[in-house]
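So the chains spell out like this:
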Amino acid sequence: MKVLKFGGTSVANAENITKVINIVKNEAQKDNIAVVVSAFGGITDALLNAGELATRKDLSYEDCFDAIKARHIKTIKLLLPKKKSELVILRVKDQLRTLKDLLQGIYLINEFSDKTKDKILSYGELLSSYIISEALKEHVKASALKDSRELIITDSNHTQANVKVDITRKNIKDYFSASTENITLLPGFVSRDDTNDTTTLGRGGSDYTAALIAAAVDASVLEIWTDVSGMFTANPKLVKQAFPIEEISYQEAMELSHFGAKVLYPPTVQPTLYKSTPICIKNTFDPEAEGTLISKIPQSKNGPVKGISHVENIALLTLEGNGMVGVPGFSKRLFSVLSINQINVVLITQASSEHSICVGVFSNDAKKAKQVVDDEFTYEISLKKIKPLFVEIDLAIVAVVGDNMKNHQGISGRMFRALGQNNVNVRAIAQGASERNISAVIAHKDIKKALVSLHNIFFEKQIKTLNLFIVGLGNVGGILLEQIKKQQAYLRDHLLLNIRVVGISNSKKMVFDTNGIDLSDWKSQIASGIDRTHDTFFETVKTLNLSNSIFIDITANSEVANTYSDYLEQSISVIACNKIACSSSYNSYKGLKELSKKYGAAFLFETNVGAGLPVISTLNNLINSGDEVVSIQAVLSGSLNFIFNHFNEEKSFHDVVKQAQDEGYTEPDPRIDLSGVDVARKILILAREAGFKIDLDDIENASFLPEESLKADSVSDFYKTLKTKSAHFEELYASAEKNNCQLKYVAEFNNGKAKVGLKEVDKDHPFYNLKGKDNIVLFFTNRYPEQPLIIKGAGAGAEVTASGLFADIITLGKN
C-alpha cells in the first residue's frame, strides 16, 4: 500500500485538483492507496485571520468568511457536473453555516481560545477533503472519504496536540485491514481527543497525518506531493544551478530541512523513520520528474556533500568573560534561562578556552534573550566577571550537509576557502562529531553569494562565473562586449568560465541585470537605462554583492580612477584600461596594490602599457621569479609610431596627425599623445612594476613640439600651429634622413631614472624597422644582460586593447 499526501499548493484550485486526481488515478492502478490532503492553499491563514478579526470586534471578519465561502463554491462548480455540484454545494453550505456561527460566537464573547481555534482551522481540511473526494468519485468508483478524527487520537493540548500513538496505530490498522476501497481519501492536520473535541496536529500536521498512516499500515512508500521536484542541492530561487537530489538519507533530509529546506518539517515524519518507510518527494506539476527518495541507505551519486541550506534572520548571542574560565555551570544557566523563556537555540559554539559561548537564535527572540540572560547573570556582570550579553543581528546560517563528509578530507577547507575568496566573513562555526553538518554564521546580505559559491565548489563542473561591471562604452568598450559575446560558449566549454556582463555604463546611463545583459541588444538597453553617477554605479554593484565581481574601467576619467579603492575594499576586483590610477602619485599607486592584497581582490592593468601586448605580465613574471630589471628601452606609443612611420617629405606632419586621429590611433585631443605625457605615464608604470619608487615629475620629458603647439588653446588651434610650424617638423625628418635613421619616440629607464623623447634610431637598433602602430619593449635584466627580452606587436587600436582587457578577465577567471 502507498500513502500519498498533497499539500496546499497542490490543491489550491480546481485546475490543480484535477492534476491531483489524475495522479491518484494512475497510482491506484498499481496499488491500494491512502490519500491525505491539506486545505486549499491559503485557506488555513484565511480562517485564522477571520477568527482574529472576530475576536477584535472587527466586522471585516464577515468579508473574510465570504471570500472563503466563495472560493470553495467556485472550486466545486469548476470540478463537478452541474447536477452533482448543486448537491455538494448544499452540503458545503451546511458546514459553512456552522463555521459562520462559530465566528459570530467569537465576535460576541470576544474570545478565541486554542480549543475554538482548532475547530475553526479544521474546516480547511474537512472542506477540501470532502470536495476532492466527491470529484474523485467521478473518476474512480472504489474510493471513499474517511474522517481522520475517527482514527487519530490525541491529548487535549489544542493547536499542538500530542498523538496517542498506540490507540492511533490500532485504529488505523483496523480500519485499513477491513477496508476494501482502492482509494481512501483523508483530511490531514485534524484529530480528536478522548472527549471527541477536535484537535489539530500543529505545523506540518498533514505530513504528520500521512506519516502516521504510512507507519501503521507498513506502506511501501510515503509520497509527499508538493510544488517542487524534490529536495534541491540548494534553494533554486537563489542558486539557478541547483538541481534535485535523487537519493538522500533520513538524517541528511532532517539536517537540510532544519536548515531551511521547506519541503519537509522534520518532527512530522518521525513515525516513518522508526519503520524505515521510504519517503519520496514528488512534484504535482511535473509528475514524471523523479523527485527525491529519502531512505535509510541511499545510493550516493553526487559525492560526500548532498546539499547546501540556510536559515535567515539569525542573531548571534555571545556570553564571555574571564570569570567563566574553569567555573562549571555557566552553560547550564545560559541554556536553562533560554529554555524557560521558550527561546529556541539554532546553533551552539564554544571556544576551548571556556572564555565565551556563542549561540544562534532567531532575530525576533534576540531582544528578549538579551533581557533574560542579563537578568540571570546580573551578579556576575556587576562584578565584571562576565560582560553583558553581546547581540549581533542581520545574520544567517549556511550549512553544508552530507552523511559521508566524515570520510572525505578537506570538505571544511573547501567550504571556508570558497567563502573567503568571495569576501564572505564567517562570524561563527559549528560542526558535530558526526560531521554530517558544517554550519557557518555569516552576514544576511551575503546569503546568495555564499550559496552560489558553495554550490559551485561542491556540485558544479567547476564552472566559475565572473560577474562583470563595465564603465566606458566607447569604441574599445563596444568591441570588448562583442568579443565577450562571441567567446562566451567557447570559454564555458573549454575553460569552464561563465562570463556574465551584469552592469554597463556610459557617462550618463547605466543598466544592470543579474542574469546577464543581452549583449546582442546592449545599445538599446543603455539608451533607455537609468541615470548614473560614479556613486550610484558603485552602490548598485556593492548592493548586488555577487561573487567574483569585476569592475572594468575603459575610460580616461580621473573620477572613475578615484573609485578603485572603493571597489577593492569590497573585495571587487578591478581591471583598468585607464592609466590615471597607476600613474598618479606613488603613494596612491602603492595604496591600491596594498588594498588588492588586503581584500583578496585583483588589480590588473595590462592594457596600460602596450594595449594587448603581454608587457606588464611578462615583467611581473620576471620579478616574481627573482630576476631584476637593469634597464628598459621602449617605443610605447602606437599613435606616435604610426605618425612618424607615415611622415615623410611627401606628406606633411599636419596631415599625418589628422590621419592618425581619423583612424582612431590618437585621442580626440592629439596633444595628449604628441606631448609625450602618455608615454611618460607608461614608462612610469613599468618602472614601478619593476620595483622602483618613482613619480611622474621625476621623468624627463623632452618634447619635440614647438612652444606654440604646446600652448594652443584648442584642438583646432593646435592643428593650425602644425601648419605654421611645418618647417620645424620638416627639419626633424631631414636630419634623420641625412643620418640614415628613423624617428622614434623612445622611453628609457636606467639606473632608477626615466626619460622620454624623440630620437633618431639607426639601422642596427631593434626599433629601426618598427612598422605602423607597433610597440616594442626591451627588458635588460640580470638574466638578459646583453640580449634583452623583447616584446613586440600592435600597441594601439580598439581591437587589440579590447583583447588585452579580455585577457585580464580570463586571467582572473583562471586564478
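Draft legend 1. Summary view of the overall build of the protein chain. Of the regular secondary structure elements, the protein chain holds 29 helices and 29 strands. At 37 Å, the protein chain has a C-alpha radius of gyration far larger than the 28 Å of a compact globule built from 815 residues. Across the 815 residues that make up the protein chain, the buried fraction comes to 53%. In the protein chain, of all internal contacts separated by at least 6 residues, the share reaching a separation of at least 24 is 72%. Entry remark: accessible area of the protein chain is about 36,500 Å², with carbon and sulfur atoms responsible for 48%. Looking at charge distribution, the protein chain has the averaged site of its 93 positive side-chain charges lying 5 Å from that of its 97 negative ones.

Draft legend 2. Inspection of the packing of aromatic side chains at higher detail. For the structure shown, the criterion picks out 24 aromatic pairs. Note on phenylalanine 644 and phenylalanine 653: the rings are 5.9 Å apart at their centroids and 40° apart in plane angle, and the pair reads as tilted. The aromatic ring of tyrosine 130 is capped on one face by arginine 91, whose charged end is 4.5 Å from the ring centroid. Sitting above the plane of the phenylalanine 112 ring, lysine 117 keeps its charged end 5.3 Å from the centroid.

Draft legend 3. Structural view of the side chain of serine 439. By the element assignment, serine 439 lies in strand β16 (residues 437–443). Only 2.5 Å separates the side chain of serine 439 from the side chain of asparagine 437, close enough to count as a polar contact.

Draft legend 4. Spotlight on the side chain of asparagine 456. One can find asparagine 456 in helix α14 (residues 447–459). We classify asparagine 456 as buried; its relative accessible area is 16%. Those residues within four positions of asparagine 456 in sequence are excluded, and the remaining contacts are Gln462, Ile463 and Lys464.

Draft legend 5. How the structure looks around the pairing of strand β11 (residues 307–320). Counting buried positions over the 14 residues of β11 gives 11, a clear majority of the element. Sheet topology places β11 next to strand β14 (residues 390–401); 9 bridges connect them, and they run antiparallel. Considered in β14, the bridge of glycine 307 is made with valine 401. Pairing of β11 with strand β13 (residues 356–362), which is carried by 7 bridges, proceeds in the antiparallel orientation. When the bridges of β13 are listed, leucine 316 appears paired with glycine 360.

Draft legend 6. Highlighting the sheet that holds strand β15 (residues 426–431). Pairing is antiparallel in the open sheet, where 6 strands are placed in the order β12-β13-β11-β14-β16-β15. A single partner strand is all that each edge strand has here, and the edge strands are β12 (345–350) and β15. Direction aside, neighbouring strands of the sheet carry axes that sit 30° apart on average. As paired elements, β14 and β16 share 7 bridges and run antiparallel to each other. Opposite alanine 399, over in β16, you have serine 439 as the bridge partner. Taken strand by strand, α14 contacts β11, β14 and β16, and its axis lies near 125° from that of β11.

Draft legend 7. Just helix α20 (residues 586–598), in detail. End to end, α20 covers 18 Å across 13 residues, agreeing with the expected 18 Å (1.5 Å per residue, within 8%). Within α20, the full set of buried residues consists of Tyr586, Tyr589, Leu592, Leu595 and Ser596.

Draft legend 8. The sheet that holds strand β26 (residues 742–750), seen in detail. Spatially, β25-β27-β26-β24-β28-β29 is the arrangement adopted by the 6 strands of the open sheet, whose pairing is mixed. Of all the strands in the sheet, just β25 (700–702) and β29 (789–794) have a single pairing partner and so form its edges. For this sheet, the mean inter-axis angle between neighbouring strands, taken without regard to orientation, is 20°. Taken together, the 4 bridges between strand β24 (residues 629–635) and β26 define a ladder with antiparallel strand orientation. Counterpart to alanine 634 in the pairing with β26 is alanine 747. On top of the sheet, helix α22 (residues 638–646) reaches β24, β26, β27 (753–761) and β28 (774–781); it is set at about 150° to β26, its chief contact. Sheet strands touched by helix α25 (residues 677–689): β24, β25, β26, β27 and β28. Its angle to β26, the strand with the most contacts, is close to 35°.

Draft legend 9. Main features of the pattern of salt bridges. Counted under the stated rule, the structure contains 34 salt bridges. Salt-bridge contacts for lysine 82 lead to glutamate 86; the nearest nitrogen and oxygen are separated by 2.8 Å. Residue lysine 82 and its partner glutamate 86 are both found in helix α4 (residues 82–109); the two are separated by 4 residues, about one turn of the helix. A residue is classified by how much of its surface remains accessible, and lysine 82, at 63% relative accessible area, is exposed. Ionic contacts of the salt-bridge type, sharing partners, join the residues Lys2, Glu27, Lys30 and Glu223 into one network.

Draft legend 10. Representation of the nonpolar core in the model. Residues Phe653, Ile683 and Leu686 are the most contacted members of the largest nonpolar core, which totals 76 residues. A per-element tally of this core places α25 first, with 7 residues. Discounting residues that sit within four places of it in the chain, phenylalanine 653 has contacts with Ile643, Phe644, Phe647, Leu674, Phe704, Leu722 and Phe729. In terms of nonpolar packing, the next biggest core, distinct from the first, is built from 53 residues, Ala14, Ile89, Leu99 and Trp225 among them.

Draft legend 11. Examining the pairing of strand β9 (residues 279–283) more closely. In terms of residue burial, β9 counts as a mostly covered element, since 5 of its 5 residues are buried. With burial as the criterion, each face of β9 is covered, one bearing Ile279, Ile281 and Asn283 and the other bearing Cys280 and Lys282. Relative to β9, strand β7 (residues 221–226) runs parallel, the two being bridged by 5 bridges. Residue pairing in the sheet places leucine 222 in a bridge with isoleucine 279 of β9. Here 3 bridges tie β9 to strand β10 (residues 292–295), and the two strands are oriented antiparallel to one another. The residue of β10 that forms the bridge with isoleucine 281 is threonine 292.

Draft legend 12. Up close: the packing of helix α3 (residues 61–79) against α4. Their axes nearest at 10 Å, the elements α3 and α4 cross at an angle of 165°. On the basis of their axis angle, the class for α3 and α4 is roughly antiparallel. The way α3 lies across α4 gives a crossing that is right-handed. Contacts from Tyr61, Phe65, Lys69, Ile73, Ile76 and Lys77 of α3 reach α4 at Ser85, Val88, Ile89, Val92, Lys93, Leu96, Leu99, Lys100, Leu103, Gln104 and Tyr107. A class-by-class count of the residues in the contact of α3 with α4 yields 11 nonpolar, 2 polar and 4 charged.

Draft legend 13. Structural context of unusual backbone geometry. A positive phi angle, near 60°, is found at lysine 57, a position not held by glycine. The phi torsion at asparagine 740 lies on the positive side, around 55°, for a residue other than glycine. Checked against the element boundaries, asparagine 740 lands in the loop between α28 (726–738) and β26.

Draft legend 14. Fine view of the packing of helix α10 (residues 330–340) against helix α11 (residues 366–376). Two elements in contact, α10 and α11, have axes whose closest approach is 10 Å; the angle formed by their N-to-C orientations is 135°. In this view, α10 runs oblique relative to α11, as classed from their interaxial angle. Regarding α10 and α11, the two cross each other, and that crossing is right-handed. Residues Arg333, Leu334, Val337 and Leu338 of α10 form the contact with α11, whose participating residues are Ala369, Val372, Val373 and Glu376. The residue inventory of the contact of α10 with α11, partitioned by class, reads 6 nonpolar, no polar and 2 charged.

Draft legend 15. Representation of a negative patch on the surface within the structure. Where like charges cluster on the molecular surface, the negative patch consists of Asp535, Glu539, Asp566 and Glu569. With respect to the secondary-structure elements, glutamate 569 resides in the loop between α19 (564–568) and β22 (573–576). Residue glutamate 569 is classed as partly exposed on the basis of its relative accessible area, which comes to 37%.

What counts, and at which threshold
- Residues numbered from 1 in each chain as written.
- Predicted model: local features only at pLDDT ≥ 70, side-chain atom pairs only at ≥ 80, totals over all residues.
- Heavy atoms only, no water.
- Helix = DSSP H or I, 4+ residues; strand = E, 2+ residues; numbered from the N terminus.
- Rg over C-alpha atoms; globule rule 2.2 N^0.38 Å.
- Buried < 20%, exposed > 50% of the residue type's maximum accessible area, 1.4 Å probe, protein only.
- Contact = heavy atoms within 4.5 Å.
- Areas by Shrake-Rupley, 256 points an atom, 1.4 Å probe, with all protein chains shown as cover.
- Lys, Arg positive; Asp, Glu negative; His and termini not counted.
- Charge placed at Lys NZ, Arg CZ, Asp CG, Glu CD.
- Phe/Tyr/Trp six-rings, centres within 6.5 Å; stacked < 30°, edge-to-face > 60°.
- Lys NZ or Arg CZ within 6 Å of the ring centre and 35° of its normal.
- Polar contact = N/O pair within 3.5 Å; in protein donor to acceptor, adjacent residues only side chain to side chain.
- Pairing = 2+ DSSP bridges.
- Axes fitted to C-alpha atoms, helices over the stretch in contact; angles between N-to-C directions.
- Expected span 1.5 Å × (residues − 1).
- Salt bridge = Lys/Arg side-chain N within 4 Å of Asp/Glu carboxyl O.
- Core = buried A, V, L, I, M, F, W, Y, C linked by side-chain atoms within 4.5 Å.
- Parallel < 35°, antiparallel > 145°, perpendicular 65-115°, else oblique.
- Left-handed = near helix turned anticlockwise from the far one by under 90°.
- Nonpolar A, V, L, I, M, F, W, Y, C, P; charged D, E, K, R; others polar.
- Patch = residues over 30% accessible without salt bridge, like charges linked within 9 Å, V, L, I, M, F, W, Y side chains within 5 Å.

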